[in-house]
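# Close look at the chain arrangement
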Amino acid sequence: MVGMRRVLAVALAVVAAAASLTACASDPAPTDVTVAWAPKGRAAVLVTWKDNGLPNRVTIEGVLSESPSYLKYIPAGEPNRWEIPTSAFPPDGNYKVAVGTGTSQGGVTSKLAKSPVFDTDGPVRPSAAAVAKQGRGVLIRWSVPVAPQDFTPNDPLDVKGKKTQRYVPMIGRPGKMLKVIGPATTSNRQVIKSIKPPYTFQLRTQNEWSTSIGGQVLGLTSSINAAVPRLAQFSVPIRVRGRVILHQVGCDLETPCTSKRATPAGVPVVVLTQVAPGARWTPAARGSTTAGGYYDIAVPTGGSRPYKITVPENTKGSTQTGTSTSKPAYTKSIVRVASAGFAGGNTAKAKGSMVTVSVAVKPAMNTTVMLQAWNRQTRRWVDSKALPMRNGVAALAFKAAQPGDFVYRFAIPGAMMFGRPIDGTTTAQLQLHVR
């Protein structure tokens with residue numbers, strides 16, 4: 001008997017539920033649900049429908065998208081229209097507006113009538129931006145990729161025309177919020193008349209549904225250090241080494257911008273020199289940074305002179321790099337011995353034969369050099385013969401008068417070039433054996 005009562009109870013419950021469902025759907029459903037843009041811009045979607053003056057409930061249904069939690073009850077006798085703010089629709093989805101008969105107390109009492117499907121695709125974000133110098137300011141251009149496929153073509157809320165989205169230019173600086181610097185535009189270029197790094201330029205791209213950020217340009221500041229050799233042989237390249245550190249601005253919409261360090265490869269570096277005292281600084285060599293911001297540049301040398309290394313102001317792609325310069329460092333030149341030795345390279349001579357010893361130096365000086373001989377008794381270099389040097393070359397021919405082993409060298413004095421001194425030098429030891 002207990003089992004029979006349970007079966008009967010379940011059957012009665014099913015019948016009661018069916019009767020209740022029939023009662024809920026007893027009112028006539030609204031008809032002709034339409035959606036269109038509300039007047040005064042595209043801040044809201046205007047929903048209209050037809051019915052017999054009954055109370056209505058308005059909701060949003062997702063089509064392959066999650067339905068947002070939007071609900072509005074329209075009292076009986078009110079106009080059959082309602083404006084839904086665009087902010088109620090999640091971006092980048094497909095939706096319908098559903099209208100039924102019902103109240104907040106009695107629930108829905110009719111079937112739902114639904115609008116055509118429409119999408120809420122947001123703006124197409126700029127894929128790239130490039131900056132170029134223009135007077136004291138910059139010209140920024142950006143490109144926008146082709147919009148993705150529209151899966152609800154010609155829906156009631158589609159906005160016609162090529163320029164359906166706008167770009168709001170924004171600038172951010174360290175410690176400050178992103179700031180709008182101009183009105184929204186449909187152009188793909190922006191001229192900023194006066195701006196210096198550091199900064200971040202971004203575009204707030206917006207259409208009727210949502211906003212996104214893209215088209216970033218970075219204005220970087222730079223700092224540079226350098227190691228320059230103190231001495232250099234005349235016309236022998238020196239190596240100038242150092243590191244470049246860039247400082248870039250990072251911005252979020254809701255927090256102040258911050259400064260970050262970067263050490264990329266490919267940053268141009270120029271070595272400048274001042275050939276004569278008071279002369280203008282001119283390029284001596286060029287290079288660029290490698291990974292980690294390091295640089296190592298071969299620099300041709302001449303007379304004694306200062307060098308300084310600079311990161312020139314440059315624009316490349318989506319970055320504008322501000323200039324920076326190291327402190328000047330002085331490199332003193334030393335006379336370079338190009339060659340020195342005995343004619344024919346023969347360092348073994350017979351007694352009584354003629355021997356020619358010579359030296360050639362850079363720069364090609366006109367001066368007097370001293371041939372010196374090593375005194376084994378006093379263990380000192382002794383001046384042997386002063387020789388004229390012309391165009392950087394001096395030579396002496398003499399007779400090998402007595403047998404033995406002898407050691408010679410040339411002492412070359414310093415010189416002046418472009419108003420600065422060049423240090424003198426001595427050659428390596430020149431060994432001679434007389435048999």
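Cut-offs and rules
- Residues numbered from 1 in each chain as written.
- Predicted model: local features only at pLDDT ≥ 70, side-chain atom pairs only at ≥ 80, totals over all residues.
- Heavy atoms only, no water.
- Phe/Tyr/Trp six-rings, centres within 6.5 Å; stacked < 30°, edge-to-face > 60°.
- Helix = DSSP H or I, 4+ residues; strand = E, 2+ residues; numbered from the N terminus.
- Buried < 20%, exposed > 50% of the residue type's maximum accessible area, 1.4 Å probe, protein only.
- Lys NZ or Arg CZ within 6 Å of the ring centre and 35° of its normal.
- Pairing = 2+ DSSP bridges.
- Axes fitted to C-alpha atoms, helices over the stretch in contact; angles between N-to-C directions.
- Domains from an automatic or database assignment.
- Salt bridge = Lys/Arg side-chain N within 4 Å of Asp/Glu carboxyl O.
- Polar contact = N/O pair within 3.5 Å; in protein donor to acceptor, adjacent residues only side chain to side chain.
- Nonpolar A, V, L, I, M, F, W, Y, C, P; charged D, E, K, R; others polar.
- 1 Å grid on protein atoms, 1.4 Å probe; cavity = no way out; pocket = protein on both sides within 12 Å on 5 of 7 lines; lining within 4 Å.
- Points joined across faces, edges and corners; volume = space filled by probe spheres on them.
- Core = buried A, V, L, I, M, F, W, Y, C linked by side-chain atoms within 4.5 Å.
- Contact = heavy atoms within 4.5 Å.
- Disulfide = S-S within 2.5 Å.

Taken as a whole and assessed by the stated rule, the structure comprises 8 aromatic pairs. Aromatic pair tryptophan 142 and phenylalanine 201: ring centres 6.4 Å apart, planes at 35°, arrangement tilted. Of this pair, tryptophan 142 sits in strand β11 (residues 137–143) while phenylalanine 201 sits in strand β15 (residues 199–206); the two residues are 59 residues apart in sequence, bridging distant segments of the chain. For tryptophan 142, a relative accessible area of 3% translates into the label buried. Within the aromatic cluster, the residues linked to one another by ring pairs are Trp37, Phe89, Phe118 and Trp209. Lysine 308 extends its terminal NZ or CZ atom over the ring of tryptophan 281, reaching a point 4.3 Å from the ring centre.

A word on the sheet that holds β11. The strand order β10-β11-β14 describes an open sheet built from 3 strands, whose pairing is antiparallel. The open sheet terminates on both sides in strands that have one partner only, identified here as β10 (128–134) and β14 (189–192). Strand-to-strand twist of the sheet, defined as the mean angle between neighbouring strand axes without regard to direction, takes the value 20°. Across 4 bridges, β11 lies against β14 in antiparallel orientation. Looking at β14, one finds that arginine 141 is bridged to arginine 189.

Domain parsing of the chain yields domain 1 (31–120), domain 2 (127–152 + 161–217), domain 3 (220–334) and domain 4 (336–434). Counting across the interface, domain 1 meets domain 2 through 0 salt bridges. Between domain 1 and domain 2 we count 2 residue pairs in polar contact (both at pLDDT 80 or more) in total. Of the residues belonging to the side of domain 1 that touches domain 2, the class tally is 6 nonpolar, 3 polar and 2 charged.

Rolling a probe over the atoms, with the probe sized like a water molecule, indicates the empty space that remains. The computed volume of the largest pocket comes to approximately 820 Å³. Along the walls of the largest pocket sit 33 residues, with Asp121, Val124, Ala147, Val159 and Thr164 positioned nearest its centre. Here the residues of the lining of the largest pocket sort into 12 nonpolar, 12 polar and 9 charged. Two domains each put at least three residues into the lining of the largest pocket: domain 1 (31–120) and domain 2 (127–152 + 161–217).

A word on the nonpolar core. Membership of the largest hydrophobic core comes to 23 residues, with the highest contact counts inside it found for Val357, Phe410 and Ile412. Broken down by secondary-structure element, the contributors of at least two residues to this core are β30 (354–362), β31 (367–375), β32 (380–389), β33 (393–399), β34 (404–412) and β38 (430–434). It is β30 that provides the largest number of residues to this core, a total of 4 residues. Apart from the residues lying within four places of it in its own chain, the contact partners of isoleucine 412 are Val335, Val337, Val359, Val361, Met365, Val369, Gly424, Thr425 and Thr427.

Next up on the list: the state of the cysteines. Considering all chains together, one arrives at 1 disulfide under this definition. Between the sulfur of cysteine 251 and that of cysteine 257 lies a disulfide, 2.0 Å long from S to S. Judged by the sign of its S-S torsion, about 115°, the cystine formed by cysteine 251 and cysteine 257 is right-handed. As far as burial versus exposure is concerned, cysteine 251 and cysteine 257 are alike and both buried.

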